[in-house]
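Observations on the three-dimensional arrangement
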Amino acid sequence: MKKTLLLSLVCASLIAQEIFTLEEQTITASQIPQDELSYTAPVETYTTQDIENSKSKSIYDFLNQETSVAVLPSYGNQFAQKIDMRGYGIGDGFQNIVVVVDGRRLNNIDGAPQLLGSIPIDSIEKIEILKGAGSVVYGDGANAGVISITTKDFNGVNFKAYGGNFDTGYGSFGAGYSSDLFSLSAFGDYFETDGQRDLDSSGTQKDSSRSKNGSFDLKLYPVDNLELRLGWAATRINTYYADPLSLEQYKTDPTQDSPPAYFGDSTFSNQYFSTDLWSFGLSYDLSAQWEINANIFLEDKESDYFSTAYTTNADYDYNSGDLSLKYSDNHLNVLFGTSIFNGERQGNSNTTTKDNLAGFIKANYLNGNHTLSAGLRIEKVTYEYTPSTGNNLKQDDTLEAYELGYNYKLNNEQSLFASFSHSFQAADIDRFFTSHYGPGFVFLGTFFNGFIKPMTANTYNIGYNNFVKNNKFKATVFYADLSDEIFYDPSIVNPDSVFDGANTNLDKTSKLGFELYDKYLVSDNLYLSANYTYIEATIEKDDNKNIENKRLPGVSKHNLTASVGYAPTNKSKLIASHTYRSSAYAIDDFENALSQKQEAYNSTDVTASYQYDEHIEVFAKIQNLLDEDNAIWTGDDQIYPVNFQRAFQIGLNGKF
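Residues numbered from 1 in each chain as written. Predicted model: local features only at pLDDT ≥ 70, side-chain atom pairs only at ≥ 80, totals over all residues. Heavy atoms only, no water.

Let's shift gears to the overall build of the chain. The helix and strand inventory of the chain stands at 5 helices and 38 strands. Here the C-alpha radius of gyration of the chain, 25 Å, is about what a compact globule of 656 residues would show, namely 26 Å. For the chain, the spread of C-alpha atoms along the principal axes amounts to about 75 × 65 × 50 Å. When the 656 residues of the chain are sorted by exposure, 53% land in the buried category. Contacts in the chain between residues at least 24 apart in sequence constitute 62% of all its contacts with a sequence separation of at least 6. Total accessible area on the chain is roughly 27,500 Å²; 55% of this is exposed by carbon and sulfur atoms. Placing the 49 positive and 85 negative side-chain charges of the chain at their respective mean positions leaves the two points 5 Å apart. (Helix = DSSP H or I, 4+ residues; strand = E, 2+ residues; numbered from the N terminus. Rg over C-alpha atoms; globule rule 2.2 N^0.38 Å. Buried < 20%, exposed > 50% of the residue type's maximum accessible area, 1.4 Å probe, protein only. Contact = heavy atoms within 4.5 Å. Areas by Shrake-Rupley, 256 points an atom, 1.4 Å probe, with all protein chains shown as cover. Lys, Arg positive; Asp, Glu negative; His and termini not counted. Charge placed at Lys NZ, Arg CZ, Asp CG, Glu CD.)

Okay, here's the thing in structure tokens:
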């Protein structure tokens, strides 16, 4: 029997066509296209095939299961998940990553994470992750790096639908047409789930969620070398999520409702979120060497948040744009650019703005096997606080980012690189406010407590690449030296409230680690891959808290994603992956003194697909196959269960 099975697998391998491919990519995130092997900084790239093979429900799932980026729901909110890279912490690490979609920043002016839930996974063509790089082109917040997402131009008709347990359902539809004069794409999707946790003691209400997205993109080519762009996108999200559990409750039953705490009945939160975006752009080749690009983005957002403790409503207006001039020849590429971002939030009792204005220059010089890159950015960040009563307050900072990188190609398959980046993060506007509660835990309002110093980071990378036909290997050692890292300290005494806590800066922190990536094609129908990161994130000194040499909370030392893909026939694929992160200190445990730690995260996912004909594919996926318990610890007995039950989905894809 074993011999028969082995013979069948061998025969299948021999007759299978080239199912899995492994190719060097062209990196475009830095706006100067460059071959992956000669890139002067660490980078991860993921193609349309990688994304489609994963059968991920969302970009959050894909990043968490396939890349070096850590992703976990923000206090249980699956549509506002927090992302971390290179040891900045699952608590506030997302503010040290710039996320761009087709060149547009998704970073917010307040403490809300980037809304990646507004980017449907089926609309994505490519994901590029720059690590310890990107501060010259993208500026504010690019300390850990940049996640650049490129969306598709649809041609023909595409649809996808699946259903799963917990009454989960999804449907999407994309269509497009192109000609010599124009191209038009449109996309829409809808997702719903009844959730896994109870919101009340009766168990009748669950942490349900609904979301829908829609978009269209029009490109015109009125004359040679000119492209005009017009786009629209909208997102509507309504999500409920439960509050934390104690350790005993979590171990007994992680699906149960949160305890009454201070406010009577079981506690939970509800957020309704909507965003409408218009985008305009043009690209024009002035000559064989010169190209001009311009983009304008107008975004209107609304967030209505309800919890058992309080209710908040906020309206946002984000107006941004960029203009760049690029020169290219066989040896030299130079990018001159300017960008502007005006963000305004109108809240219950004030209007607060954060405006960024920047200019930059970046250049790449290629000479044989040598590639040298350098760049400089000057950015002015201006804040204005306008309360409904009282005086206006204003502050501005002028900040610098600069980068230097070098890559030497040993041959057509191997390269060495080294890079340096000086980057910064200007505080989000929520850092300036403190919530006050009076006796009986009555919410008294949110008050302005002062501006926060910007943080700066110096990041060093040394790496090695080895790309051959059937194997792609990358290794990087990195070190980041930080000053004034911004964080929320729950232990700071607040004399005006029954709760303590305030925003402040850590004097000196650091990140030290190494990264290993390898994807090996055993044959055209079998591959193995692994992505491992080791991180030492240290609070070296902070005089305010009188601490030294403590671990930064919310950072796992060991982070691993591994997968194996096998195609039994040229129409079928089986892919298994595992995500592991070692235990860490709870998010609020800056003194490393709490009795409970963040437990290790484990999830095994299995995907099977079958290409029925040239148009229809059927698939199935099981997430958390081994039914592992996973959660976020913010403190002792403050536990938010996440991905803690086995989930499955069955569906189909269509392309015509």
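A few words on unusual backbone geometry. Phi at Asp 637 is positive, roughly 55°, even though this residue is not glycine. Within the secondary structure, Asp 637 is located in the loop between strand E36 (631-635) and strand E37 (638-641). Asp 637 gets classed as partly exposed once you look at its relative accessible area, which sits at 36%.

To continue, consider the sheet that holds strand E7 (residues 104-105). Spatially, the 5 strands line up as an open sheet ordered E3-E8-E9-E6-E7, and their pairing is mixed. The sheet is open, and its two edges are formed by strand E3 (43-46) and E7, each paired on a single side. Each of E3, strand E8 (124-131) and strand E9 (145-151) is contacted by helix H3 (residues 59-66), which is oriented at about 50° to E8, the strand it contacts most. (Pairing = 2+ DSSP bridges. Axes fitted to C-alpha atoms, helices over the stretch in contact; angles between N-to-C directions.)

What follows is about the packing of aromatic side chains. What the rule picks out here adds up to 24 aromatic pairs. Pairing Phe 79 with Phe 191 gives two aromatic rings, centres 6.2 Å apart and planes at 70°, and the pair type is edge-to-face. Of this pair, Phe 79 sits in strand E5 (residues 77-84) while Phe 191 sits in strand E12 (residues 182-193), placing them 112 residues apart in sequence. Among the aromatic residues, those joined into a cluster by ring pairs are Tyr 402, Phe 420, Tyr 460 and Tyr 479. The side chain of Arg 86 reaches across the aromatic face of Phe 478, ending 4.1 Å from its centre. Over the ring of Tyr 316 we find Lys 301, and its NZ or CZ is 5.4 Å from the ring centre. (Phe/Tyr/Trp six-rings, centres within 6.5 Å; stacked < 30°, edge-to-face > 60°. Lys NZ or Arg CZ within 6 Å of the ring centre and 35° of its normal.)

Counting buried positions over the 8 residues of H3 gives 8, a clear majority of the element. Listed as buried for H3 are Ile 59, Tyr 60, Asp 61, Phe 62, Leu 63, Asn 64, Gln 65 and Glu 66.

So, about the pairing of strand E25 (residues 455-468). By the alternation rule, side chains of E25 split into Met 455, Ala 457, Thr 459, Asn 461, Gly 463, Asn 465 and Phe 467, which are all buried, and Thr 456, Asn 458, Tyr 460, Ile 462, Tyr 464, Asn 466 and Val 468, of which none is buried. The pairing of strand E22 (residues 414-425) with E25 spans 12 bridges and is antiparallel. Bridge pairing links Phe 417 to Gly 463 in E25. Where E25 lies against strand E26 (residues 471-489), 13 bridges are found, and the strand directions are antiparallel. Bridge pairing in E26 places Phe 467 opposite Lys 472. The hairpin formed by E25 and E26 contains 2 residues between the paired strands.

With that settled, consider empty space enclosed by the protein. On inspection of all chains with the given rule, the structure shows 10 cavities of 30 Å³ or more. Estimated volume of the second largest cavity: approximately 240 Å³. As for the second largest cavity, its lining consists of 22 residues, and the residues nearest its centre are Ala 70, Gly 554, Ser 556, Asn 559 and Arg 581. Listing elements by their share of the lining of the second largest cavity, those giving two or more residues are strand E4 (70-74) and strand E28 (526-542). (1 Å grid on protein atoms, 1.4 Å probe; cavity = no way out; pocket = protein on both sides within 12 Å on 5 of 7 lines; lining within 4 Å. Points joined across faces, edges and corners; volume = space filled by probe spheres on them.)

On to the environment of Gly 93. Following the sequence through the fold, Gly 93 ends up in the loop between E5 and strand E6 (97-101). Looking at Gly 93, the relative accessible area reads 0%, which means it is buried. Separated by 15 residues in sequence, Gly 93 and Gln 78 place their C-alpha atoms 17 Å apart.

Take Asp 636: it is sitting in the loop between E36 and E37. Asp 636 gets classed as partly exposed once you look at its relative accessible area, which sits at 29%. Here the alpha-carbon distance between Asp 636 and Gln 598, two residues 38 residues apart in the chain, equals 9.7 Å. Excluding its chain neighbours within four sequence positions, the residues that come into contact with Asp 636 are Leu 594, Ser 595 and Gln 596. A polar contact of 3.1 Å, which involves the side chain of Asp 636, links it to the side chain of Ser 595. (Polar contact = N/O pair within 3.5 Å; in protein donor to acceptor, adjacent residues only side chain to side chain.)

Counting all residues, the mean pLDDT for the chain is 90, and 92% of those residues have values of 70 or more. Low pLDDT (under 50) marks residues 1-17, which in the prediction has 10 contacts with non-local residues, meaning those over four places away or in another chain. (pLDDT = per-residue confidence, 0-100.)

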